[in-house]
Amino acid sequence: MDDKELNLVDHLDELRKRIIWSVFAFLVFFIIGFIYVKDIYEWFVRDLDVKLVVLGPSDIIWIYFMIGTIIAIAGTIPVLALQLWLFVKPALKPIERKISLSYIPALFILFIVGLCFGYFVIFPTIMNFLVELSGDMVVTNFTADKYFRFIMNTTLPFGFLFELPVVAMFLTSLGIVNPYVLQKMRKYAYFVLVVIAVVISPPDIMSDVLVTIPLLFLYEISVNLSKIVYKRKLKKEQEWEADFSE
């Protein structure tokens, strides 16, 4: 086996180790979420005027799995980011290691902020629209399964979308992207974000605008933050090259 094959095996072994740690963290947080499902459930239904119903025993266990999964995803994000950083750490310069490591807490914070935005802004907007749309046509009853699916579908995407600025900074610090590439991709990114906003929001123009504006704003923040990181990266590389040449 030559050096290249050995190097590949070492990288695959390291990747496997990082994946195992991430999966382990997911399972731990999933169990924690499973233990506190009742408290979390009561917090989510505190403002409901009706009591949720289930249509079968399997719905109950599905609620446990959904709530546990959301808690597990939120808790695993910083662990996953750390494992990714540890995987690419050998290829980074000392200054790049320090800068990229600082993004890990930001990933978790922005994910929580995105969840809060989805739950406190987008979810009630869509829910009220749909309930008012039904009017007196039907009796409004919610099954617990569909109610929590609805919450997850209207909040979880924003948790990931709100991480866009930090992801852009992290990839810029690694040299994978730069602000000029992000600027060239702007029109395509806008199109994708508008499509996402239209899909997850109610079919009225005000709701579409309410969801679209924050997403476009996030992209512009990502571009500007990428510029800052890129300029600092170039400056540090020039200083490093000057020190090395001396």
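Because the structure is a prediction, the values reported are computed rather than measured.

**Things to note about the overall build of the protein chain**
Regarding its fold elements, the protein chain presents 10 helices and zero strands. Secondary structure elements in the protein chain, listed N-terminal to C-terminal, are α-α-α-α-α-α-α-α-α-α. When the backbone C-alpha atoms are referred to their principal axes, the protein chain occupies close to 80 × 40 × 30 Å. Long-range contacts, defined as pairs at least 24 residues apart, comprise 82% of the intrachain contacts of the protein chain with a sequence gap of at least 6. Surface accessibility of the protein chain: about 15,400 Å² in total, with carbon and sulfur atoms responsible for 70%.

**Overview of the pattern of salt bridges**
As enumerated under the stated definition, the model contains six salt bridges in all. Between Arg18 and Glu14 there is a salt bridge, and its shortest N-O distance comes to 2.6 Å. Remark: Glu14 and Arg18 occur in helix H1 (residues 3-35); sequence separation between them is four residues, near one turn of the helix. When its relative accessible area of 14% is taken as the criterion, Arg18 is described as buried. Since its relative accessible area comes to 22%, Glu14 is described here as partly exposed. Measuring nitrogen to oxygen at the nearest pair gives 3.0 Å for the salt bridge that ties Arg149 to Asp145. Here Asp145 and Arg149 lie together in helix H6 (residues 144-161), a separation of four residues that amounts to about one turn. Via salt bridges that share partners, Glu14, Lys17 and Arg18 belong to a single interconnected network.

**Comments concerning the side chain of Thr76**
Locating Thr76 in the fold gives a position in helix H3 (residues 57-88). On the accessibility criterion, Thr76 (8% relative accessible area) is buried. A polar side-chain atom of Thr76 sits 2.5 Å from the main-chain carbonyl oxygen of Ala72. Among residues more than four places away in sequence, those in contact with Thr76 are Ser22, Ala25, Phe26 and Phe29.

**Section: the confidence of the model for the protein chain**
Looking at the protein chain, the pLDDT average stands at 83 and 91% of residues meet or exceed 70. No element of the protein chain has a lower mean pLDDT than helix H4 (residues 94-101), which averages 74, and none a higher one than helix H2 (residues 37-44), which averages 90. Low confidence marks residues 1-6, where pLDDT is under 50. Its contacts with residues over four positions away, or in another chain, come to two contacts.

**Observations concerning a positive patch on the surface**
Where like charges cluster on the molecular surface, the positive patch consists of Lys98, Arg232, Lys235 and Lys236. Per-element tally for the positive patch: the top contributor is helix H10 (residues 205-245), with three residues. Exposure remark for Arg232: the relative accessible area of 57% places this residue in the exposed category.

**Topic: the side chain of Ser222**
Along the chain, the position of Ser222 falls in helix H10. Reaching out from Ser222, the side chain makes a polar contact with the backbone oxygen of Leu218 at a distance of 2.8 Å.

**Some points on the packing of aromatic side chains**
Per the counting criterion, the structure on display carries 24 aromatic pairs. Summarising the aromatic geometry, the rings of Trp43 and Phe120 are spaced 6.3 Å apart at their centres and angled 85 degrees between planes, so their arrangement reads as edge-to-face. Residue Trp43 is located in helix H2, and its partner Phe120 is located in helix H5 (residues 103-134); the two are separated by 77 residues in the primary sequence. An angle of 90 degrees between the planes, with centres 5.8 Å apart, marks the rings of Phe44 and Phe148 as edge-to-face. Taken together, the residues Phe44 in helix H2 and Phe148 in helix H6 connect sequence positions 104 residues apart. Like Phe44, the residue Phe148 is buried in the burial classification. Members of the aromatic cluster, each reached through a chain of ring pairs, are Tyr41, Trp43, Phe44, Tyr119, Phe120, Phe123, Phe142, Tyr147, Phe148 and Phe150. Here the guanidinium or amino end of Arg46 rests over the ring plane of Trp43, the centre of that ring lying 4.0 Å away.

Cut-offs used in this document
Residues numbered from 1 in each chain as written. Predicted model: local features only at pLDDT ≥ 70, side-chain atom pairs only at ≥ 80, totals over all residues. Heavy atoms only, no water. Helix = DSSP H or I, 4+ residues; strand = E, 2+ residues; numbered from the N terminus. Contact = heavy atoms within 4.5 Å. Areas by Shrake-Rupley, 256 points an atom, 1.4 Å probe, with all protein chains shown as cover. Salt bridge = Lys/Arg side-chain N within 4 Å of Asp/Glu carboxyl O. Buried < 20%, exposed > 50% of the residue type's maximum accessible area, 1.4 Å probe, protein only. Polar contact = N/O pair within 3.5 Å; in protein donor to acceptor, adjacent residues only side chain to side chain. pLDDT = per-residue confidence, 0-100. Patch = residues over 30% accessible without salt bridge, like charges linked within 9 Å, V, L, I, M, F, W, Y side chains within 5 Å. Lys, Arg positive; Asp, Glu negative; His and termini not counted. Charge placed at Lys NZ, Arg CZ, Asp CG, Glu CD. Phe/Tyr/Trp six-rings, centres within 6.5 Å; stacked < 30°, edge-to-face > 60°. Lys NZ or Arg CZ within 6 Å of the ring centre and 35° of its normal.

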